[in-house]
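# Residue-level structure breakdown
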Amino acid sequence: MARWSLSFVLFFLIPSFTTVRAEWVPLGAPEGGRINQIAVVPGSPGTAYAATGSGLFKTTDSGTSWRVAGPASEVESVAVDPIHTDTVYASDLYTGFWKSTDGGDRWTFSDSLRAALFLAPHPVQANTLLALTRDAIVRSTDGGASWDTVHWEGYNANQFLTLSFSPVAPHYAYATTNGQGIYRSTDGGVVWARAVSPTRFPQSLAVDPVEPAWVYSGDVSAIRRSTDAGQTWTGYLLNKDVRQIFDLLAVPGHPGSLYATTDLGVFRSPDHGAHWESVAGGLPPPLEPCRLAAPPGGQVIYVGSYGLGIYRSTDGGAQWNRVNSGLRALAVQAVLQNGGAGLYVGTRYGGVYRSTDNGRHWNEMNRGLNLNPLRYFARDVRSLVSDPVNRLTIYAGTYEGIFKSTDGGENWAFSGNGMPNLPHVTAIVTDRKDSRILNAGSEVGLFRTMDGGDNWTQAKDATGAPLGRITALTVNPTAPYEIYAGDGRTLYKSADSGATWQSVYTPIYIDSIAIDPRSPGIIYAGVDQGLQKSTDGGKTWANFPVQGLSNLASIAQLAFDPVDPGTLFAAVNPDGGIYRSTDGGMTWSPFNVGLRNLRFSTVAAEGRRIYAGTANGLYVLRPDRTPVRRAGPSGR
């Protein structure tokens, strides 16, 4: 009995070990992202939905906090049925149409509608809605179960832009086009005809929520107003320096109040567009192209930006505050584990963020990270590297070129002298022997610096011709002077840190390159229709049969596991997520457990970890080879 008691006690006191399933664990994510549309729920002013590039989000406290509430893919448009407000519609830009009848808790999917750019429910007829696709206007009378293409006169439309019913005269509906002005329906969206348009290229549209025949159109720096349902128009100057008017909003419940988002910020008119004033307090440039929404009343206004998430004003636009709590919709495109300086990510249109507590909190690090503050695409960061000697020196590859920070990302300065305008840098590699030497791949070629980024020269091949658009760039992990670059047509090799380049292979198209850290002569190339492999340093190549990976897959990135170099990971785009191979690339299997969104995937080996970036944040691999210690009652 004593032995049994001792065994019983030891069972709880001795630590036990178990194997944890390999899966991706979220490391938090920078908050914000690209906002495609915001829809406020009629009759519930504190509830709204945000369609983002990373899924659908919902707030029930006027934007103070957000939660995931629907499809995790790229949601282009969201709309709420004004009759049955628990019915929500969402259009996925790539797959189809989603519908919820319980306020976004559960969703049904249909491929009856593909690639809808805009959804517009009928103001008084439940289950009736219009949708704008790339080449047509379609109409449903059964809540989206089926769709019919409507009739329009005189235009083979493939350039429709916006769509709206009149909320107080729902037999009127309007659509803008790129090149043919404004189209109008007088029978609730069944038949369309070209209206007398103020311009061939209207950029935005709003229908007055009070006056049944009033409609507004934005055109470069002017606002056009019609008081007879689009038959005649009067023009008003918004601002002579404005070049684009992205969205117009006629605020419900506040007659005459009109808002416009532009390339110079947000403007407000109190008198139906006749006079305008800038209302940009607290709004950092740029926000383009941004979307507007508001509940009735005219005091609470939402602005959705192209990368920085959502801003809200509670005083009619006098002051704005960023309201992104829980809104994790920034696509992570680059990862840098920078030792004691922290963990960095480069995002799609959101710039650079840093975490010093392993992803629990993120801080925006964008001071100086652009040449022109009015360009939103300056925040498109595709690559991040640090100086191998001084970790506080970091380089960021952006649409506008190379930027350099010498204080861990607190401040940035342009470091792209010698590169052409807007090169869109996609990859940067550093020389591990001489930190002043870097090579940068871009949409317009390959560039090299020998002075830490002060000056760059364009790389050329053996014939003296510049390399083309760089789609892949990597350094041999065991031979620091050896670099490989793919320019979409040819694989190049440099044996002297990028001073000279030789063509070693001409496949179909190169998306990515990875070199086996155990055998540096083994090179993998993700090409246009699969994977190719060289075992002799790139001299010869084999397009071997790959199992488990579609021949049409685009392997955007390849990375070896730094802990288990026999394991190779691939980021498969546009929406395949992450795949894994443990047998030299012969067979592959999806490896997406834990990932919520598979679009815009990236995979990177940093230090001893593997990271996955997706459209809704950063993940780290929790390996199945690491035992987890379980403590007994003693807590040891």
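Think of each chain on its own: its residues are numbered from 1, step by step along the sequence as written. Residues qualify for local features only when their pLDDT is at least 70, as the model is predicted, and side-chain atom pairs are given and counted only at 80 or more; totals for whole chains, interfaces and linings, by contrast, use all residues. Just so you know, side-chain values use all the structure's heavy atoms and leave hydrogens and water out.

This part takes up the overall build of the protein. Segments assigned H or I by DSSP are reported as helices when at least four residues long, segments assigned E as strands when at least two residues long, and all are numbered from the N terminus. Of the regular secondary structure elements, the protein holds one helix and 60 strands. The globule rule used for comparison is 2.2 Å times the number of residues to the exponent 0.38, while the radius of gyration itself is calculated over C-alpha atoms. Relative to the 2.2 N^0.38 estimate, which gives 26 Å for 636 residues, the radius of gyration of the protein is 27 Å and therefore close to what a compact globule would have. The principal-axis extents of the C-alpha atoms in the protein amount to approximately 85 × 80 × 45 Å. Considering only intrachain contacts with a sequence separation of at least 6, the fraction spanning at least 24 residues in the protein is 46%. Working definition of accessibility: Shrake-Rupley area with a 1.4 Å probe, residue cover restricted to the visible protein chains. Put simply, the protein shows about 25300 Å² of open surface, and 50% of that area lies on carbon and sulfur atoms. Only four residue types enter the tally: Lys and Arg on the positive side, Asp and Glu on the negative side, with His and both chain ends excluded. Charge positions are represented by NZ for Lys, CZ for Arg, CG for Asp and CD for Glu. The average position of the 52 basic charges and that of the 53 acidic charges among the side chains of the protein differ by 7 Å. Contacts: residue pairs with any heavy atoms within 4.5 Å of one another.

The next thing to look at is the pattern of salt bridges. Pairing between side chains of opposite charge can happen when their charged atoms approach one another. By convention in these notes, a salt bridge is any Lys or Arg side-chain nitrogen within 4 Å of a carboxyl oxygen on Asp or Glu. Considering all chains together, one arrives at 14 salt bridges under this definition. Linking Asp-516 and Arg-518 is a salt bridge whose minimum nitrogen-to-oxygen distance equals 3.2 Å.

Under the scheme applied here, a residue whose accessible area is under 20% of the maximum for its type counts as buried, over 50% as exposed, and between as partly exposed, the area being computed with a 1.4 Å probe on protein chains only. The buried fraction of strand S51 (residues 523-527) amounts to five of the five residues, a majority that puts the element mostly inside the structure. Burial along S51 is two-sided: Ile-523, Ala-525 and Val-527 facing one way and Tyr-524 and Gly-526 facing the other are all buried. The criterion for strand pairing is that DSSP finds at least two bridges linking the strands in question. Alignment of strand S50 (residues 510-515) against S51, held across five bridges, turns out to be antiparallel. Its bridge partner lying in S51, Ile-515 is registered against Ile-523. The sheet contact formed by S51 and strand S52 (residues 530-534) spans five bridges and is antiparallel. In the strand pairing of S52, Val-527 is matched with Gly-530.

Glancing now at the sheet that holds strand S42 (residues 425-430). Strands sit in the order S42-S43-S44-S45 across an open sheet of four strands; the sheet is antiparallel. The sheet is open, and its two edges are formed by S42 and strand S45 (457-458), each paired on a single side. In this structure, strand S44 (residues 445-449) lies alongside S45, joined through two bridges in antiparallel fashion. Following the sheet pairing, Arg-448 is matched in S45 by Thr-457.

When you tally the buried positions in strand S16 (residues 160-165), you get five out of six residues, the bulk of the element. Across five bridges, S16 lies against strand S17 (residues 173-177) in antiparallel orientation. Bridging from a neighbouring strand, Phe-160 pairs with Thr-177 of S17.

Mapping Thr-426 onto the fold places it in strand S42. For Thr-426, a relative accessible area of 19% corresponds to the buried category. At 3.4 Å, the side chain of Thr-426 and the backbone oxygen of Ile-470 are in polar contact. Those residues in contact with Thr-426 that sit more than four places away from it in its chain are Arg-382, Ser-383, Gly-441, Ser-442, Glu-443 and Ile-470. For the purposes of these results, a polar contact is taken to be a pair of N or O atoms within 3.5 Å, where, inside protein, one atom must be able to donate a hydrogen and its partner to accept one; residues adjacent in sequence count only when each atom of the pair is a side-chain atom.

Located in the positive-phi region is Asn-127, a residue other than glycine, with phi close to 70°. Here Asn-127 is to be found in the loop between strand S11 (118-121) and strand S12 (129-132). For Asn-127, a relative accessible area of 31% puts it in the partly exposed group. If you check the backbone angles, Ala-229 has positive phi at about 60° while not being a glycine. Looking at the secondary structure, you find Ala-229 in the loop between strand S22 (222-226) and strand S23 (234-237).

Both the distance between ring centres and the angle between the ring planes are used here to describe each pair of aromatic rings. Stacked, tilted and edge-to-face pairs are distinguished by plane angle, under 30 degrees for stacked and over 60 for edge-to-face with tilted covering the rest, among Phe, Tyr and Trp rings (Trp via its six-membered ring) whose centres lie within 6.5 Å. A complete count under the given rule lists 11 aromatic pairs for this structure. Pairing Trp-24 with Phe-569 gives two aromatic rings, centres 6.2 Å apart and planes at 65°, and the pair type is edge-to-face. Highlighted residues: Trp-24 in strand S2 (residues 23-26) and Phe-569 in strand S54 (residues 568-573), separated in sequence by 545 residues. The exposure class assigned to Trp-24 is buried, which follows from its relative accessible area of 2%. A centroid spacing of 5.0 Å and a plane angle of 15° characterise the contact between Tyr-505 and Trp-541, whose relative ring orientation is stacked. Of the two residues, Tyr-505 is situated in strand S49 (residues 502-505) and Trp-541 in the loop between S52 and strand S53 (554-560); the sequence distance between them amounts to 36 residues.

What follows concerns the confidence of the model for the protein. pLDDT expresses, on a scale from 0 to 100, how confident the predictor is about each individual residue. For the protein, the mean per-residue pLDDT works out to 87, and 92% of the residues sit at or above 70. Mean pLDDT in the protein bottoms out at strand S60 (residues 627-630), which sits at 33, and peaks at S44, which reaches 98. Here residues 1-20 is a poorly scored stretch, pLDDT under 50, and it has 22 contacts once near neighbours within four places are set aside; other chains count. Scored below 50 in pLDDT, residues 625-636 makes 23 contacts in the model with residues more than four places away or belonging to other chains.

Judged by nonpolar contacts, the single largest core of 27 residues is most densely connected at Ile-301 and Leu-618. Among the elements of the structure, strand S29 (301-304), strand S34 (332-337), strand S35 (343-347) and strand S59 (617-622) are those that each provide at least two residues to this core. Among buried residues, the Ala, Val, Leu, Ile, Met, Phe, Trp, Tyr and Cys ones that are joined through side-chain atoms within 4.5 Å form a nonpolar core. In this structure, Leu-531, Val-546, Ala-570 and Val-572 belong to the second largest nonpolar core, which totals 15 residues.

Strand pairs in the sheet, formed through backbone hydrogen bonds, run parallel or antiparallel to each other. A sheet is described by the order of its strands in space; here four strands give the open sequence S34-S35-S36-S37, paired in antiparallel fashion. Two strands lie at the open edges of the sheet, namely S34 and strand S37 (363-364), each paired on one side alone. In terms of strand pairing, strand S36 (residues 351-355) meets S37 through two bridges, oriented antiparallel. In the strand pairing of S37, Tyr-353 is matched with Glu-364.

What follows covers the environment of Pro-26. With respect to the secondary-structure elements, Pro-26 resides in strand S2. For the pair Pro-26 and Leu-491, spaced 465 residues apart in sequence, the C-alpha separation works out to 35 Å. When sequence neighbours within four positions are dropped, the list of residues in contact with Pro-26 reads Leu-618 and Tyr-619.

Moving on, we come to the environment of Asn-455. Within the secondary structure, Asn-455 is located in the loop between S44 and S45. The class of Asn-455 is partly exposed, set by a relative accessible area of 45%. In this structure, the C-alpha to C-alpha distance between Asn-455 and Gly-418, residues 37 residues apart in sequence, is 5.8 Å. Not counting the four nearest positions on each side in its chain, Asn-455 is found in contact with Asn-417, Arg-448, Thr-449 and Met-450.

Moving on, we come to the environment of Leu-618. Within the secondary structure, Leu-618 sits in strand S59. As a C-alpha pair, Leu-618 and Phe-201 span 417 residues in sequence and 40 Å in three-dimensional space.

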